[in-house]
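# Descriptive structure summary
If you want the building blocks of each chain, they are given just below.
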Amino acid sequence: MVADIERYTRLFGLDGRVVLVAGGTGAIGSEIARAMAAFGAKVAIAGHSQEHCEATTAQLAREGYEVVGTNLDVRDAASVVDGIAAAEAQLGPLDVLINAVGTHIEQPAEAVTLEAWDTVLDVNLRGAFILSQAAAQSMIAHHKGGSIIHITSVRSVLGIRRGYAAYCASKGGLGNLIKQLASEWARYGIRVNGIAPTFTRTPLVAKYLNDPDFYAGLISRIPMGRVAETIDLSGCAVFLASDASSFITGQNIFLDGGVTATQ
């Protein structure tokens, strides 16, 4: 029995693995970074703000985790390559990429500006590809395989009666990109998956969740009767980063309390 417990526990272990969390200074990214470190990974916190990277890295380092910070801008391919190289110089070759970078500009579809459209698509879809390509190039060069995990959204398959045209297009494209990259890179031992949450509790949306009428309407559409918490995403991310999911690739896992099961 003890041997079995140890065997199955090791499935979820990340000891010694190198994980880069792009968008690692945000509420979702920092929670995932903490979870990766707690399971034994060496973690690079990546973002476009050096100040925020340093602050998040310092906090996790004080708690005893092996972490470094690295700057990158997902809209700039050279910046991403340099950011990954800087992280690898300190921690070793990359094993796992977490993409928690995202943006949204709400505008009615009939009034969406091309500037807003380009900004959202550049960050959410083009940036996701740039990150994936750079990570895969490193993994292929080091002959070690790996796991690439994107934070997508239920809006990758569902519309909404608000100004989400650019956002839904970007996340829908990312959902299909995940399948394509998984298909192409499986031969290198690289798995590519997504985590698609519904509304998630973060400081950015606190004003909405603190509105009783808004919250009641929101959870009435979620069968489990609550929104997602950041720890929900981190648990799924640990699973997808670990050997426990070694035969899962090309999937967009809906972490939504049943929303997509009912719509």
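Notes on the structure follow. Small disclaimer: the values here were computed from a predicted structure and weren't measured. (Residues numbered from 1 in each chain as written. Predicted model: local features only at pLDDT ≥ 70, side-chain atom pairs only at ≥ 80, totals over all residues. Heavy atoms only, no water.)

## Let's talk about the packing of aromatic side chains
Inclusion rule: Centres within 6.5 Å are what make two rings of Phe, Tyr or Trp a pair, Trp counting through its six-membered ring; a difference in plane orientation under 30 degrees is then read as stacked, over 60 as edge-to-face, and the rest as tilted. Exposure classes here rest on a 1.4 Å probe applied to the protein chains alone. A residue is buried below 20% of its type maximum, exposed above 50%, and partly exposed in between.
Overall, the coordinates contain three aromatic pairs when judged by the stated rule. Here tyrosine 164 and tyrosine 167 contribute two aromatic rings whose centre-to-centre distance is 5.6 Å and whose plane-to-plane angle is 80°, an arrangement assigned as edge-to-face. With respect to class, tyrosine 164 is no different from tyrosine 167; both count as buried. One aromatic cluster is present, formed by Phe199, Tyr208 and Phe214 through successive ring pairs.

## Considering the nonpolar core
Burial of nonpolar side chains together is a common tendency in soluble globular proteins. Rules: In this description, a nonpolar core means a group of buried Ala, Val, Leu, Ile, Met, Phe, Trp, Tyr and Cys residues linked to one another through side-chain atoms lying within 4.5 Å. Segments assigned H or I by DSSP are reported as helices when at least four residues long, segments assigned E as strands when at least two residues long, and all are numbered from the N terminus. Residue contacts are defined here by distance: any two heavy atoms, one from each residue, within 4.5 Å place the two residues in contact.
The biggest cluster of nonpolar side chains holds 31 residues, and the ones touching the most others in it are Leu20, Ile148 and Val192. For this core, the secondary structure elements donating two or more residues are β1 (18-22), β2 (42-47), α4 (77-91), α5 (114-141), α6 (165-185) and β6 (190-197). Here this core gets eight residues from one element, more than from any other, and that element is α5. Leaving out residues up to four positions away in the same chain, leucine 20 has contacts with Ala44, Ala46, Thr70, Leu72, Gly83, Ile84, Ala87, Leu94, Val96, Leu97 and Ile98. Judged by nonpolar contacts, the second largest core, of 27 residues, contains Ile32, Met36, Val43 and Ile45.

## Structural notes on the pairing of strand β5 (residues 146-151)
Threshold: Strands qualify as paired when DSSP identifies two bridges or more between them.
Within β5, six of the six residues are buried, which leaves the element mostly enclosed by the surrounding structure. Residues Gly146, Ile148 and His150 line one face of β5 and the alternating positions Ser147, Ile149 and Ile151 line the opposite face, and both faces are buried. For strand β4 (residues 96-99) and β5, the ladder comprises four bridges, and the chain directions are parallel. Its bridge partner lying in β5, leucine 97 is registered against isoleucine 148.

## Some points on the sheet that holds β1
Heads up, the condition is: To obtain each axis, a line is fitted to C-alpha atoms, and for helices this fit is confined to the stretch in contact; angles are then taken between N-to-C directions over 0 to 180 degrees.
What the seven strands build is an open sheet, ordered β3-β2-β1-β4-β5-β6-β7; its pairing is parallel. What marks the edges here is a single partner per strand, and that holds for β3 (67-71) and β7 (252-255). Direction aside, neighbouring strands of the sheet carry axes that sit 20° apart on average. Sitting on the sheet, α4 is in contact with β1, β2 and β3, with an inclination near 160° to β3. Taken strand by strand, α6 contacts β5, β6 and β7, and its axis lies near 160° from that of β6.

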